[in-house]
Amino acid sequence: MEVVGMKWSENISIGSLALYVGGFLMLLLFWRKFRGGKKLRLPPGPSGWPLLGHLPLLGTMPHVALMNLSRTYGPLMSIRLGTAPAVVVSSPEMARMVLKTQDHLFATRPRTITGEVFFYNFKDMVFSSSTDHWRFVRRIFDTEILSLRRLGNLKSFTEEEMKTTVERMLREGRDGRLVEIDRNMAQSSFDIMCRISFNKTGYFEQKIPSSTSQEEPVHLPSVMADFCSITGGFFVGEYIPFLRKLDLGGFEARLLELRKRFSKFLSPIIEEHRQRGDGEAQDFLDVLLSLQRDGAGNGFPNDEIKALLQNMLLAGTETDANTSIWLLAELMRHSEVRQKLVDELDSVVGQDRLVEDSDLHHLKYLKATVKEAFRMYPVVPLLVPHAASEDTTVAGYDIPKGTRLLVNAYALGRDSTVWTNPNTFDPERFVGKSTDVRGQHFELLPFSSGRRACPGMEMGIHRVELRLAQILQTCVLSLPSGVKIDVEEAPGITLPRAHPLQVLVTPRLQPEIYYRNGIRF
Ligand code: HEM
């Protein structure tokens, strides 16, 4: 997902400066002429740099920089990303206006290089700005893939994959060894997404051999990590279009290379599924191939199938993995919350059987704790950028067509006028309250709201809750003496932690319970 982070100074060659300035002045003249000299009443905002606009102010943590700026300039703030005008929303009232009252006007996406190059010219859903294409693929996701009915079918294997996670953690933790939580959570999410997408696992460690001996085998998690890392940066050509041809920093070339590697991974899996023919759809890829056979949409070419598989794997892996990592990090800092969760599990589920999906509804404190993690650590902190499809006004300010919209979910969750002690992890704030993360309460928008809200929301919430319940019921988590866990963030598109989380893991239940459930360590 495209986010506004940057390393602009590395990417700009001094020799291009004259070109920047000349181009900028021309753009300015064109802009004035185009607007017919009409003075727009834009939302307030800081003054920006010539040409680069506010990009130099954003640093490597744009959500934090924008939260701080909004405290001076207000909850609807104008900025410029290079030549691209943008507004930043940082209060529940403004979020409601753009994602509910005017949702229909802000439901499109700006055209991005990532969408064009990596997703086969916008054939995916996340970056698609075409209303017709987006509607068509969104319906497939909502009805065929991520509906509650399907989620019901997926629950049993999600439970299975999570047992495998617990087993691995207990095995790795034998003899007092430290267990890497980051890798375990990433593997858990990745394996689940591979099962949902094409009913296979094992690729977290395994590479797919390539067809020719000259080419390197493809390791998909590395391709995905590279994608997240390079799209976390700012690329001059994205925001200053007349410089795009220069591909400063080699961004486009790298994106294209990653797309090719992704494709090498997916092609044999697609072929294998195709050979299987027209049976009952068992996974996402089966659904896509049946649409291709029926000639749905634009005939559903292979590129579209690949783009949508890329969406599934990228949008559904780091998001819930990073939420679980932050959640466990906070629990290692708050032993009293951890103990309360364990007590609740013991009283609701007991220690004679493993917690199941159907128990989650009764685990009220666990649900409150998960909400607290979503409040403090919304893993897509500025959501995916939206864009205005028409000229409009918000709160009396003009928002011209094409303006980018950034909703700062991170700032909403840390707003001290809404939350008491917003920087303190305290699940009690949600106990007995109806405030929820599903897009109805605009002070809490980890999954966004409105038409572009995350279609994987139910799946994401379910996974984070069940994973937490299973880990805490089956494992005792502790830290070596003297070790303290910090909450420092690193730059990146899905709010990664700066330092790896490593904990001691020992069994908590009687051996026969693990044995009966096929957990061997
Ligand atoms: C904790 C887990 C997750 C979080 C916090 C999360 C959050 C988000 C957010 C904030 C957006 C952007 C919404 C906007 O632009 O307004 C989004 C979009 C999206 N998410 Fe998720 N997500 C999660 C899990 C998943 C999963 C498991 C899947 C797939 C199985 C998924 C698929 C998508 C897709 C396809 C979109 C694009 C929707 C569109 O453009 O219409 N997400 N997600």
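Computed from a predicted structure; not experimentally measured.

Observations concerning unusual backbone geometry
With phi around 50 degrees, Y120 is a residue other than glycine that occupies positive phi space. Topologically, Y120 is positioned in the loop between α6 (113–118) and α7 (131–145). Positive phi is not limited to glycine here, since D175 has a value of about 60 degrees. Mapped onto the fold, D175 is located in the loop between α8 (148–172) and β3 (178–180).

Looking at the side chain of T403
Summarising the element assignment, T403 is placed in the loop between β6 (397–399) and β7 (404–407). There is a polar contact of 2.5 Å between the side chain of T403 and the backbone oxygen of P400. Those residues in contact with T403 that sit more than four places away from it in its chain are P85, A86, V87, H386, A387 and A388.

Some details on the site of the ligand
Within the structure, the ligand sits among 29 residues, and R109, W134, H386, S448 and C454 are positioned closest to it. A distance of 2.7 Å separates an oxygen atom of the ligand from a polar atom in the side chain of H386. Elements with a contribution of two residues or more to the shell around the ligand: α7, α14 (302–333) and α18 (457–474). In terms of residue count, α14 provides more of the shell around the ligand than any other element does, six residues in total. Here the residues of the shell around the ligand are counted per class, giving 18 nonpolar, six polar and five charged.

Brief notes about the sheet that holds strand β4 (residues 386–387)
Spatially, the four strands line up as an open sheet ordered β1-β2-β7-β4, and their pairing is mixed. One side of each edge strand has no neighbouring strand; the edge strands of this open sheet are β1 (76–81) and β4. Of the pairings in the sheet, the one linking strand β2 (residues 84–89) to β7 comprises four bridges and is parallel in character. Its bridge partner lying in β7, A86 is registered against R404. Set on the sheet, helix α4 (residues 62–73) makes contact with β1, β2 and β7; between it and β1 the angle comes to about 130 degrees.

Description of the coordination of the iron atom of the ligand
Among protein atoms, the single one acting as a donor to the iron atom of the ligand is C454 (SG), 2.3 Å away. As for its placement among the helices and strands, C454 is situated in the loop between α17 (409–413) and α18.

With respect to the pattern of salt bridges
With the rule as written, the count across this model stands at 26 salt bridges. The salt bridge involving D142 is made with R138; its shortest N-O contact spans 3.3 Å. Here the residue D142 and the residue R138 both occupy positions in helix α7, the gap between them amounting to four residues, near one helical turn. Overall, R138 belongs to the buried group, its relative accessible area being 11%. Here R404 ties to E238 by a salt bridge, and the two come within 3.7 Å at their closest N and O atoms. Residue R404 is located in strand β7, and its partner E238 is located in helix α11 (residues 236–239); the two are separated by 166 residues in the primary sequence. Neither residue differs from the other here; R404 and E238 are each classed as buried. Here the residues in one salt-bridge network are E116, R244 and E252, joined through shared partners.

Details of the UniProt feature "binding site: heme" (unreviewed entry) in the chain
As recorded in UniProt, the sites labelled "binding site: heme" (unreviewed entry) are C454. Those residues in contact with C454 that sit more than four places away from it in its chain are R138 and F447.

Concerning the sheet that holds strand β8 (residues 475–478)
Here three strands make up an open sheet; going across it, the order is β3-β9-β8 and the pairing antiparallel. Each edge of the open sheet carries a strand with a single partner, namely β3 and β8. Across the sheet, the mean angle from the axis of one strand to that of its neighbour is 50 degrees, orientation sign disregarded. Docked against the sheet, α18 engages β8 and β9 (502–507), running at close to 90 degrees with respect to β8.

Rules of the game
Residues numbered from 1 in each chain as written. Predicted model: local features only at pLDDT ≥ 70, side-chain atom pairs only at ≥ 80, totals over all residues. Heavy atoms only, no water. Helix = DSSP H or I, 4+ residues; strand = E, 2+ residues; numbered from the N terminus. Polar contact = N/O pair within 3.5 Å; in protein donor to acceptor, adjacent residues only side chain to side chain. Contact = heavy atoms within 4.5 Å. Near = heavy atom within 4 Å. Nonpolar A, V, L, I, M, F, W, Y, C, P; charged D, E, K, R; others polar. Pairing = 2+ DSSP bridges. Axes fitted to C-alpha atoms, helices over the stretch in contact; angles between N-to-C directions. Donors = N, O, S within 2.8 Å, 3.2 Å for Na, K, Ca; no water. Salt bridge = Lys/Arg side-chain N within 4 Å of Asp/Glu carboxyl O. Buried < 20%, exposed > 50% of the residue type's maximum accessible area, 1.4 Å probe, protein only. UniProt positions renumbered as here; feature names shortened; annotations may be inferred.

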